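# Report on the structure
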Amino acid sequence: MDPWQLARPRIGVASLVQETNTFSPRPTVWEDFTVLVGDDAASSLKRTNTEFAGAFASLRRMGADPVPLLAAWALPSGKVTDETFDRLVALLEHRLVEAGRLEGLILSLHGAMATESIFDADTALIEAARRRIGNDTTLGVCLDLHANVTSQMVRQADVIVGYHTEPHTDMAATGKRIARLVTGVAYGEIAPAMALAKRPMLVPAEAMRMDKGPMSEVRRIGYTEAPSHALDVSLFPVQPWLDVPELGLGVLVVTHADMSGAQDFAERMADEIWARRDRMTTPRLMTPELAFQAARAFESRPFLMAHTSDSPTAGATGDDPVMVSEAAVHGPDMEVLHSVVDPLAVSQCASAIGSRVRIRVGGGSNPAVTPVIVDGTVVRSGAGSYRLAGRSFTRREVSMGEWVVLESGFHRLLVTSIPAITADPATWRHAGLDPDSTDVLVVRSCSDYRANFPESAPEAVTLDLPGPSTPRLEGLLFEHAPKPLHPIDRNPDGEPTR
């Protein structure tokens, strides 16, 4: 008899996602999270490019009984407050108790969450889940490619997988992968053995691409040369703005009952990455002046400028208005779309549609940021949620809070009350702006824009500016991370140490 016909295992699906930038001055609080519970989570996330949706749909197709528990997520930011984290843990435990008996649990996490008092908050979530479901229930975890995978995560979970793409486009596919493995264990078809290999290195976010360059070379080795019993191979180059113990690049290999083979291949893959470490460098950075010169030299539009150092999707505050001044100086005759977070400015302008204003913007959350004065006309305002349209997190419902658009000459500035995902075209269109027709589009993003604006991305430049998500990692002060850590620590001859 087909094993799928023997039973319908009940498998819970839960997602709690936040990526912490420990160099960001803005803490993550409860109000930053979107929280969906039970059937509301399943219906809201249906057909979205998320791990939850991918796992849920896959479980149904494989004959299991998926149990929607919860989906909670927040944009990357600073450390999660202890009070907020306690509420997340309590919610997870409550939903697991309500769910009753489960043969399996799929837990979607980011893998780089830290709180005010816990360096490895994702492991704490895994441990909380394990306490509630016991050791006889299969616990599968899926992680972002930027996760900082720790030895305790591997000990607590039965199986772990991560994204295969950077920029991220395979979130739903990752959910399907973990669903297949968890159901395989539930039906007694596989006995996963996991091995983790770590290396003391960081990779700039702009150099992690899996579609080209040194990371893609290693990724291909994982596809073509994995041992015969391999079930999954995941690379975790780790997000670099995380000052925690056990920080470092990880490779996780899952095999069927072959721990030795898993460990050997994980170490080999980690060595392959380590051998390429000096090629994994930040791409050429451009000052805003040179970036506008480059924009004038290209005929195709839009020309993308990536303000990576103040990217909300990398945990920064998004309130540095430096490009307002730079665009005014270097591109006054060019159409420019850009953005800044400033809830006070939004409230001051929301009732002034059609009026000319002189207003200060920027610097509300980051004391290191200098506000600037904008002279312009308030041409539009709004609020409400919308769904993302790019290849990353497609159809996920998001909000940028209340917002206004200020027009000054050829420039349009989107001012939002909470951080916006400017790497997705839906954000601009929600504000009545066309990102495809402007001369210059300034996105606050390290990599996702490459998936969402594929035709323009090859011409994008990375701006050389300071900020909490800077690509200049050597300028960050790491206090808790292991030492030495490439490329932060180098020997007296300037060579990286191991």
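In this report, we go over the structure that sits alongside the text.

### Thoughts on the packing of aromatic side chains
Taken as a whole, this structure holds 3 aromatic pairs when the rule is applied. Taking the centre distance of 5.7 Å and the plane angle of 25 degrees together, the rings of F298 and F303 count as stacked. What makes F303 buried here is its relative accessible area of 0%. Note that R219 overlies the ring of Y223, its terminal NZ or CZ placed 4.7 Å from the centroid. For the cation-ring pair, R396 lies above W73, with the distance from its terminal atom to the ring centre recorded as 4.3 Å.

### So, the sheet that holds strand β6 (residues 159-162)
One open sheet accounts for 6 strands, arranged β2-β3-β1-β4-β5-β6; its pairing is mixed. The open sheet terminates on both sides in strands that have one partner only, identified here as β2 (34-37) and β6. Across the sheet, the mean angle from the axis of one strand to that of its neighbour is 15 degrees, orientation sign disregarded. For β2 and strand β3 (residues 65-73), the ladder comprises 4 bridges, and the chain directions are antiparallel. For V35, the partnering residue across the bridge sits in β3 and is A72. Contacts between helix α4 (residues 121-133) and the sheet are confined to β1 (10-17), β4 (104-109) and β5 (138-143), with β4 contributing the most and set at about 165 degrees to the helix.

### Focus on the nonpolar core
Of all hydrophobic cores here, the largest spans 64 residues; its most connected members are L92, L107, V141, L143 and I160. If near-sequence neighbours (up to four positions away) are discounted, I160 is found in contact with V141, L143, M153, V154, M194, L252 and V254. Grouped together as the second largest cluster of nonpolar side chains are 26 residues, M201, L235, V251 and F265 included.

### Observations concerning empty space enclosed by the protein
If you roll a probe as big as a water molecule over the atoms, it shows you where there is empty space left. For the structure on display, the rule yields 3 cavities of 30 Å³ or more. Around the largest cavity, the lining is made up of 36 residues, and of these E19, P76, T313, F393 and D448 lie nearest the centre. Elements supplying a minimum of two residues to the lining of the largest cavity: β1, α2 (51-61), β3 and α13 (448-452). Each residue belonging to the lining of the largest cavity can be placed in one class, and the counts come to 17 nonpolar, 12 polar and 7 charged. Of the volumes computed, that of the second largest cavity is approximately 40 Å³. If you go around the second largest cavity, the residues you meet are D320, P321, M323, V324, H338, S339, V340, L413, V442 and R444. Breaking the lining of the second largest cavity down by element, the ones donating at least two residues are α10 (322-330) and β12 (336-341). Top element by residues in the lining of the second largest cavity is β12. It accounts for 3 residues. The residue inventory of the lining of the second largest cavity, partitioned by class, reads 6 nonpolar, 2 polar and 2 charged.

What counts as what
Residues numbered from 1 in each chain as written. Predicted model: local features only at pLDDT ≥ 70, side-chain atom pairs only at ≥ 80, totals over all residues. Heavy atoms only, no water. Phe/Tyr/Trp six-rings, centres within 6.5 Å; stacked < 30°, edge-to-face > 60°. Buried < 20%, exposed > 50% of the residue type's maximum accessible area, 1.4 Å probe, protein only. Lys NZ or Arg CZ within 6 Å of the ring centre and 35° of its normal. Pairing = 2+ DSSP bridges. Helix = DSSP H or I, 4+ residues; strand = E, 2+ residues; numbered from the N terminus. Axes fitted to C-alpha atoms, helices over the stretch in contact; angles between N-to-C directions. Contact = heavy atoms within 4.5 Å. Core = buried A, V, L, I, M, F, W, Y, C linked by side-chain atoms within 4.5 Å. 1 Å grid on protein atoms, 1.4 Å probe; cavity = no way out; pocket = protein on both sides within 12 Å on 5 of 7 lines; lining within 4 Å. Points joined across faces, edges and corners; volume = space filled by probe spheres on them. Nonpolar A, V, L, I, M, F, W, Y, C, P; charged D, E, K, R; others polar.

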